[in-house]
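# A look at the structure
Single-letter residue listing:
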Number of protein chains: 2
Amino acid sequence: MSASTGRRERLRQATLEEIHAAARKLLVEQGSAAVTVNAVARRVGMSGPALYHYYAGHDELVGAVTAGFFRELAAAMEQARDARPGAPTGDRMLAACRAMRAWATAHPAEFGWIFASPIAPPDRRPDSARHRAALRFEQVLLDLTVELWRTRPFPVPDPAGLPASLREQLTAYSAAIGGRLPPEAAHVFLSCWIRLYGLLCMEVLHQLDFAYTDMEPVFEECLRDLAAALGLAYSGPPDA
Amino acid sequence: MSASTGRRERLRQATLEEIHAAARKLLVEQGSAAVTVNAVARRVGMSGPALYHYYAGHDELVGAVTAGFFRELAAAMEQARDARPGAPTGDRMLAACRAMRAWATAHPAEFGWIFASPIAPPDRRPDSARHRAALRFEQVLLDLTVELWRTRPFPVPDPAGLPASLREQLTAYSAAIGGRLPPEAAHVFLSCWIRLYGLLCMEVLHQLDFAYTDMEPVFEECLRDLAAALGLAYSGPPDA
DNA sequence: ATGTTTCCTTAGTGACTCTAAATAATCTAG
DNA sequence: CTAGATTATTTAGAGTCACTAAGGAAACAT
């Protein structure tokens, strides 16, 4: 068997990327419904069933494309996070959040595709590339929150004030992330995550068009809230 | 021409409802992808193209079904709102919010369909039945907020502290709702709306499965936050 | 040079959306 | 009560989709 750098393997990788790019272009230009096996194959110059030598079917193709989007989004956030290594954790967190929205607004079709996948639950198998990429994406803000918690702990609610069932779930989640955050801190993290993610979700799904035409200041207001919740200084958008 | 209660018209309405029910059953039992023109027609006992005499195509059928879901959701919220006419506005608002989540969790497929429609943006024409039903849905909490604002004004941010572009949009929205809320109050309303809607969005799209298995206490925590923001007394879930 | 693996094509199946034409049922007018 | 218009529904068919199967051609290994 040839090594991983064999000529064939290289060609195969190139074709995979070409397929990936074609699918993305199709998505951006004509919407998610246009991303069909046949259409993608046509774009890369091969006809129909040839694509089945690269992906087992439509779902797997969709999953691979989605994973790529997640990776790109995570990379953008990681880059923003690491752009100024010496800066306070809070600033780097705000930068990562803004990078998330920047990617989302620069690539609305891709961001929408991530959530409202034409086929929502199928590729949610915990071993899929999509799942791994999604984990990496979720990890970015979690890591920053952990760092913040270690260096400059934020205020947390009294665990006794939380409902018992919520406390149990938080304890389980705290264990799932290796105890890097205690349950109360995990609650704060998840609350922030929900607000951030939910807002972008709604923006991208156009659920707020009835009230807002430009979501940027709304997003900044949300960031201000989150900064307050995390006890960190809110510094306005970089170019404002 | 016959009156609106002609026999034919009645038959047609009955068929429309039958189509509607068949589509919904298909959605619930086999997922959104199963809601095809052919499958729906088969279920109502007619074959294929006959359905085109009731809907111009797949998109219109989807839109009609979605509008029905919106109406049902709005009705459930209105019923909760009006269940205890003498109760404080705050209690009735919490009841309406809980009714929203109750409907969403009782009909996850339908609620998910509302957002991640197989065909997202096309039937977003401002004159469609879907759009009107969505407006009615949005109106429920808006009405309650207006009532609250008139009877027991909630704290609002200083307009001078808001970014100019946000202020402009809020002014426009305030005008769009007939000035029933001033821009600052509209901002509070929209913030609450975004948090509520965003949370349910994420729950239904299973974006929080990585941390929570039971979202009910999370939702109640959110309600508690919103109650605080609106300056009203939080009263726990009715049956807890 | 031979055999194997990989890639890609054509052909074909069953499903889908939707159009067109023909047929059956129903209502309306004289 | 019958003739014509309207409506409901059917079958046929075009075009596309996902996917399978079978075969040819190229690249690879030995």
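Being a predicted model, the structure only gives us computed values, none of them experimental.

Okay, the pattern of salt bridges next. Per the stated rule, a full pass over the model turns up 23 salt bridges over all chains. We note a salt bridge from R81 of chain A to D82 of chain A, for which the minimum N-O separation is 2.9 Å. A relative accessible area of 15% means that R81 of chain A is categorised as buried. D225 of chain B is paired through a salt bridge with R195 of chain B; the nearest N and O atoms lie 3.0 Å apart. Of this pair, D225 of chain B sits in helix α9 (residues 216-229) while R195 of chain B is found in helix α8 (residues 183-204), placing the two residues 30 residues apart along the sequence. Here the residues in one salt-bridge network are R81, D82, R92 and E147 of chain B, joined through shared partners.

Turning to the UniProt feature "DNA-binding region" (unreviewed entry) in chain A, a few remarks are in order. According to UniProt, the positions carrying the feature "DNA-binding region" (unreviewed entry) are residues 36-55 of chain A. Across residues 36-55 of chain A one finds 35% helix and 0% strand; the C-alpha atoms that close the span lie 12 Å apart.

With that settled, the discussion passes to the domain arrangement of chain A. All names here are of chain A. By the assigned domains, chain A splits into domain 1 (1-54) and domain 2 (66-229). Measuring from the centre of the C-alpha atoms in domain 1 to the corresponding centre in domain 2 gives 31 Å. In this assembly, six residues from domain 1 lie in contact with nine residues from domain 2. Overall, the association of domain 1 and domain 2 removes approximately 600 Å² of surface from exposure, summing both partners, and the carbon and sulfur fraction of that is 65%. Looking at the side of domain 1 facing domain 2, the largest losses of area belong to H20, R24 and L27, adding up to 72% of the total buried there. Our count for the contact surface shared by domain 1 and domain 2 stands at two salt bridges. The shortest N-O distance in the salt bridge between R24 and E72 comes to 2.7 Å. One can count two residue pairs in polar contact (both at pLDDT 80 or more) joining domain 1 with domain 2. Residue composition of the side of domain 1 that touches domain 2, by class: three nonpolar, two polar and one charged.

Reading guide: rules and limits
- All residue numbers refer to position in the chain's written sequence, counted from 1.
- Following the order in which they are written, the chains are lettered starting with A and the ligands numbered starting with 1.
- Note on the predicted model: pLDDT of at least 70 is required for a residue's local features to be given, and 80 or more for side-chain atom pairs to be given and counted; whole-chain, interface and lining totals, by contrast, use all residues.
- To get the side-chain values, all heavy atoms of the structure are used, and hydrogens and water are removed first.
- Each reported salt bridge corresponds to a side-chain nitrogen of Lys or Arg within 4 Å of a carboxyl oxygen of Asp or Glu.
- For the exposure calls, accessible area comes from a 1.4 Å probe over protein chains only, and a residue counts as buried if that area is under 20% of its type's maximum, exposed if over 50%, partly exposed in between.
- Secondary structure is summarised from DSSP: a helix means a run of H or I of at least four residues, a strand means a run of E of at least two, and numbering begins at the N terminus for each.
- UniProt positions are given in the numbering used here, feature names are shortened, and annotations may be inferred rather than shown by experiment.
- Reported domain spans reflect what an automatic or database domain assignment gives.
- By the convention used here, residues are in contact when the closest approach between their heavy atoms is within 4.5 Å.
- Here the quantity called buried area is the total loss of accessible area, with a 1.4 Å probe, experienced by two parts when brought into contact, counted for both.
- Pairs of N or O atoms are called polar contacts if they sit within 3.5 Å, as long as, within protein, a hydrogen donor faces a hydrogen acceptor (for residues adjacent in sequence, only side-chain-to-side-chain pairs).
- Residues were grouped as follows: Ala, Val, Leu, Ile, Met, Phe, Trp, Tyr, Cys and Pro as nonpolar; Asp, Glu, Lys and Arg as charged; and all remaining residues, including Gly, as polar.

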